[in-house]
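Here is what each chain is made of, one letter per residue.
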Amino acid sequence: MQLLRFIIGRKILVTLMVVFIFIVGIFAANKLDRELFPAISFDGAQIYASAGQMTTLDVEEQVTKPIEQVLQNINGIKSIDSSSSVGVSSIIVMAEEGLGEEVYTEIESTMRGFENDLSGVDFISTFQFSTEQPYEFYMTITNGSNAEMSQFAKKTLKSRLEALPEVRTVSLNGFEEKEVIVELNLQKLQENGLTQQQVIQIIQQSNIDTSVATLEEEEGKPTVRWTTSFNELDDIKNLQIPSAQGIVELNEIAKVFEEKNTSTSIGWQNGDRDFIFVQIGRANGTTQIEMAESVRAEIEKIRAEGLVNGFQLNELVAQADYVTDALEGVSTNVLIGGLLALVILILFLRNLRATMIIALSIPLSILLTFTGMWLFDHSFNILTLIGLGLGIGMMVDSSIVILESIYRKKEQGLQNLEAVLQGVKEVATAVFASMLTTIVVFVPIGLLGGEMGQFMVILSLIVVVTLVSSVIVAFTLIPTLSENFLKLKKKKRARSEGVIISKYGKLVSWITRKKRNRYSIITIFMVVFISSIMLVTKIPMTVMPDVLNRYAELMVQLESGLTPAEREEVALKINQKISAIDDVESNLINDNIDMFYLLINMTPEEEATVEQRIVNENINRALRDLQDEYPIIGVATADFTGMSYPVVLEIKGNDLEQLSEIASNVISEMTSVEGLVGITSSANRKLNEELIELKTDQMKEDGVTALQVFGQFQEWSSRIPVGEIRLSDTASSIFVTTNIDINDKSSFLEQEIPTMGGMQKLSTYIDLMPTEVPSEIKRKDGERMITVMADLEDRDLGSVNRDIEELLSDFNVPAGYTIGVGGSLQEQQEAQQEMLMILGIAIFLVYVVMAVQFNSLIHPFIVMSIIPMTATGALLGLLITQSELSVLSGMGMVFLIGIVLNNAILLIDRTKQLRLEGYDVKDAVVEAGKNRIRPIFMTTLTTAGGMFPLAIASGAASNYQSPLAIVIISGLLFATLITLLLIPSVYMLFEDIKRGLQSLVSPTRRGQKRKMSVSSGIIEK
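Small disclaimer: the values here were computed from a predicted structure and weren't measured.

Criteria and thresholds
Residues numbered from 1 in each chain as written. Predicted model: local features only at pLDDT ≥ 70, side-chain atom pairs only at ≥ 80, totals over all residues. Heavy atoms only, no water. Helix = DSSP H or I, 4+ residues; strand = E, 2+ residues; numbered from the N terminus. Buried < 20%, exposed > 50% of the residue type's maximum accessible area, 1.4 Å probe, protein only. Contact = heavy atoms within 4.5 Å. Expected span 1.5 Å × (residues − 1). Arc of directions from axis to C-beta. Polar contact = N/O pair within 3.5 Å; in protein donor to acceptor, adjacent residues only side chain to side chain. Pairing = 2+ DSSP bridges. Axes fitted to C-alpha atoms, helices over the stretch in contact; angles between N-to-C directions. Phe/Tyr/Trp six-rings, centres within 6.5 Å; stacked < 30°, edge-to-face > 60°. Patch = residues over 30% accessible without salt bridge, like charges linked within 9 Å, V, L, I, M, F, W, Y side chains within 5 Å. Areas by Shrake-Rupley, 256 points an atom, 1.4 Å probe, with all protein chains shown as cover. Salt bridge = Lys/Arg side-chain N within 4 Å of Asp/Glu carboxyl O. 1 Å grid on protein atoms, 1.4 Å probe; cavity = no way out; pocket = protein on both sides within 12 Å on 5 of 7 lines; lining within 4 Å. Points joined across faces, edges and corners; volume = space filled by probe spheres on them. Nonpolar A, V, L, I, M, F, W, Y, C, P; charged D, E, K, R; others polar. Domains from an automatic or database assignment.

J.: Even after reading the chapter, I still don't get the side chain of Ser405, so can you show me in this structure?
T.: Structurally, Ser405 can be placed in helix H14 (residues 397–411). According to the relative accessible area criterion, Ser405 is buried, its value standing at 0%. Setting aside residues up to four positions removed in sequence, Ser405 forms contacts with Gly423, Glu426 and Val427.

Here is the structure:
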């Protein structure tokens, strides 16, 4: 109390500290970065190896396996998942918890230059999974000629935007690039005694711009320059080629022409390939919002100058908008929650001065929280904003408890200073215990694995900072202002007991009067809790809810080997399908050869006619409908690690045929599971190949070698780069190919090759044998694997998970083969196990804190008896609102443990104080209930009121905020009502047990009436 006397006696110091916090808090709020997600690097990485046209089986043996073997020597790797397909090896490496950076650094170092040790590998690239993105603002230039759009993008837009201090870089994609093709006529080459290699060398040697000498004796020492570089198409056509028949021009033995390079296009926007894709990255120290404001202001200037003419410049995605929406949502929640808290205070205390004190503590606590976030180097993002929203709901609890205690002491007639000292002293232990129990429940959250664990740690830290800030304010500002500023009306000094308090006192007296009364209460609540467990199966479940920001990112996996024309046909059909869906505004399809990456914008929230959940379902359904008619393998949402299916089964074994058979049987069984749609597997993907078989006897007879035949194949199919030509200030690549056009088996075999006996048909030396090969081979930790994937429709993940588990338990798998779950199913099972462990550790830590705080082993059991009822209330809230039980709502239950115990702590702490003052146990229980019912109702209603805006919120973060808020509100309200009855009942139960034990220990004194001293009470320690 000496410290409190010092604080109250130094009002000027407190005032200056308040001003200081306001200044620093506002400064910190302006310095905090604003972004959609915090910069987090996950414990995973991907390795990508390009191997030209190497077959799937060869990629597995010659690329994937060697890389896996090297990775096995790196410490800290938890799992290795690989995928081998034509010319590509993709390997996903997951590291042990917390070793992501270290493992990735070693992987990057090991893979650097490793392609030199692997035959046929062009390059190997690596990247670590992370929330960080190089670009955060996207635009498109459309509906104009490519030349005009390209000129504007390069000369105006890029230079103007990169000149802004808020912009780090601007990336442009989608320019129309042309190539010069030299198509050699093989027959004319033979007639002129030329080879393909000779022509290539002449083209390369002729396209030269270089210095050949320096005239040292001349003034200025000029250089002599040789320049025969190509400047126009005719330079190539008229190139003179020496041959056995004399000099011939290149256009006599080859067709020289320009063609558009379709591979330079990024994809399609709204079905149109002709557009420029603009990506903008922000400078260091600049927030997403600042960059977006700066870019938009510069774009308006460019428009005002009339530079956007003959085409359209439109925004595609600006992540700053989602951050702004979330910030505005939290600001609104703070305002509404604060107003509700003040209304509740006025209703309970009916004192304007008390309300003004709390009103001042709210912004002070918030600004102190901003200061803490700045010191811990956090930003305003979707996670910290949710944490702020939750913290704001609990922010005034400590202040209310202390203020109410001081207020009651003044009502009892104590003078100002004495009322403050006694009021704070009475509740200080309870407030500290409540804060500590709320904080310690966040300690085991770090055990939650994966990206979700990192997200939850950030969220938890913000809640802890908010709570600590509010407690600091409660023990400094509230007592200082309450001494003189908090005044009562004279008629309130002899205030009589209210009706509610009187009725509640009688109810607690009834509980303490007879054992059967309190035992009945306990029994009823036990039945309610056991019954509520059955509700779990009725609540929809998922792992993490979607971010409903009127925007969707999807990945469409295509069959391997599709031509550009085939991919364009699929893309145009996708655009047609999704454009017809209500509330879909625009789409961009990024062409990644075997994968389409879709960015879909929906109408803004204020113009929406269909809620986003339904729009998402309609988009997925439309894309799945295309799988039967078009070469689409699967459709899935995109996350930080790539494609993400809700249902994934992993079938492991060695033989691909056996794996395919098992996968087929599993798919047949899965079709009976309600809610599963788009069921497919990696086993369904086969490539048709014609295997070349050499006729060795005939080859020996004609003196033809295998190397000679193979060289002829390469000559026919090669596309060799031989240099560049500048056309219209743009560099175009030159490629040499042949006029051999092989489209069918017969024309291939009819081709002729030179031999010692003259030209012979290819069919003389080879046969083609049709065969099927897998387009993709997956491996997990060195073992072959086939995955079965499925999407969900009209059913939640939890109920499907139960059906899948039942299906697998009855499924017979051959020896040497296993079936396990992956994807969201695996994540859900792991999350459930981790959440149960976290819950158990949190309960134990809460017990430890209370045992130390109360110096009792029994008190914590009484307080914690309310925890089961908390789960009942939370489950009822999820059931009534049909909100999903996810990691976030599970986190809400963990938070709830710390919150609901506050009320029980208030009751038990006051009971202990009264017994130390000499009250009988029954009188102490009744009086404690009457003393604490008002602050219990006030803190409960202010917490629920502060979180109510989160529960009904809409916008980008609503699906993250709402489950947390619903769990806390429903659990807290239910547990509060139960606390007022259950805690007195359990307290008396332990008292009965104590008396029974005493009777067994002292049988000679059994039945004697005696007054129990306070020191012999059950709770005294």
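J.: I'm lost on unusual backbone geometry in this one. Help?
T.: Trans is the prevailing form of peptide bonds, just as negative phi is the prevailing case for residues other than glycine. With a phi close to 55°, Asn143 is a non-glycine residue in the positive phi region. Its place among the elements puts Asn143 in the loop between strand S5 (137–142) and helix H5 (146–162). Within the chain, Asp377 stands out as a residue other than glycine whose phi angle is a positive 60°. Along the polypeptide, Asp377 turns up in the loop between helix H12 (352–375) and helix H13 (382–395).

J.: Please explain helix H21 (residues 656–670) as it appears in this structure.
T.: Side chains of residues three or four places apart in an α-helix project in the same direction, reflecting 3.6 residues per turn. Taking 1.5 Å per residue, 15 residues should reach 21 Å; H21 reaches 21 Å between its end C-alpha atoms and fits that length. Among the residues of H21, those classed as buried are Leu656, Leu659, Ser660, Ile662, Ala663, Val666, Ile667 and Met670. Around the axis of H21, the buried residues are gathered within 165° of arc, so they sit on the same side. The backbone nitrogen of Glu657 has a side-chain oxygen 3.3 Å away, supplied by the residue at the start of H21, namely Asp655.

J.: Explain the sheet that holds strand S12 (residues 254–260) here, please?
T.: Across a sheet, paired strands are connected by hydrogen bonds in the backbone, their directions being either parallel or antiparallel. Strand order across the open sheet formed by four strands is S12-S7-S25-S24, with mixed pairing between neighbours. Every other strand in the sheet has two partners, leaving S12 and strand S24 (720–727) as the edge strands with one partner each. Mean inter-strand twist for the sheet, computed between neighbouring axes without regard to direction, equals 25°. The pairing of strand S7 (residues 178–184) with strand S25 (residues 730–738) spans five bridges and is parallel. Bridged to Ile181 within S25 is Phe735. Packed on one face of the sheet, helix H7 (residues 196–206) meets S7, S24 and S25 and runs near 35° to S24.

J.: Where do I start with the packing of aromatic side chains in this structure?
T.: Tallying each qualifying case throughout the model produces 11 aromatic pairs. Here Tyr48 and Phe123 contribute two aromatic rings whose centre-to-centre distance is 6.2 Å and whose plane-to-plane angle is 35°, an arrangement assigned as tilted. Here Tyr48, found in strand S1 (residues 41–50), pairs with Phe123, found in strand S4 (residues 123–130); they are 75 residues apart in sequence, far enough to count as distant. The class of Tyr48 is partly exposed, set by a relative accessible area of 32%.

J.: Explanation requested: the environment of Ala28 in the structure shown.
T.: The topology assignment puts Ala28 in helix H2 (residues 11–31). Taking the relative accessible area as the measure of exposure, Ala28 reaches 0% and is therefore buried. Put simply, Ala28 and Met373 are 345 residues apart on the chain and 8.1 Å apart in space, counted from C-alpha to C-alpha. Setting aside its immediate chain neighbours within four residues, Ala28 contacts Phe370, Thr371 and Trp374.

J.: It is not clear to me how a nonpolar patch on the surface should be interpreted in this structure. Could you clarify?
T.: Residues Leu335, Ile336, Leu339, Leu340, Phe948 and Ile952 make up a contiguous nonpolar surface patch of about 550 Å² in total accessible area. Looking at the nonpolar patch element by element, the count peaks at four residues for helix H11 (residues 319–349). Here Leu340 is to be found in helix H11.

J.: Explain the side chain of Ser50 to me, please; I cannot follow it from the model alone.
T.: Tracing the backbone through its elements, the reader meets Ser50 in strand S1. On the basis of relative accessibility, which here comes to 13%, the residue Ser50 falls in the buried class. Once residues within four sequence positions are removed from consideration, Ser50 is found in contact with Gly87, Gly120, Val121, Asp122 and Phe123.

J.: Where do I start with empty space enclosed by the protein in this structure?
T.: Over the atoms rolls a probe the size of a water molecule, and its path tells where empty space is left. The final tally for this structure, using the stated rule, is seven cavities of 30 Å³ or more. Each pocket or cavity is described by its volume, and for the largest cavity that value is around 210 Å³. Along the walls of the largest cavity sit 19 residues, with Met394, Asp397, Ser398, Ser434 and Asn902 positioned nearest its centre. Looking at the lining of the largest cavity, the elements with two or more residues in it are H14, helix H15 (416–440), helix H16 (450–484), helix H29 (887–916) and helix H30 (921–951). Examining the composition of the lining of the largest cavity, we find that five residues originate from one element, H15, more than from any other. Of the residues belonging to the lining of the largest cavity, the class tally is 10 nonpolar, eight polar and one charged. Domain assignment of the residues forming the lining of the largest cavity places at least three in each of domain 1 (1–31 + 351–490) and domain 3 (498–538 + 856–999). Considered as a void within the structure, the second largest cavity measures approximately 90 Å³ in volume.

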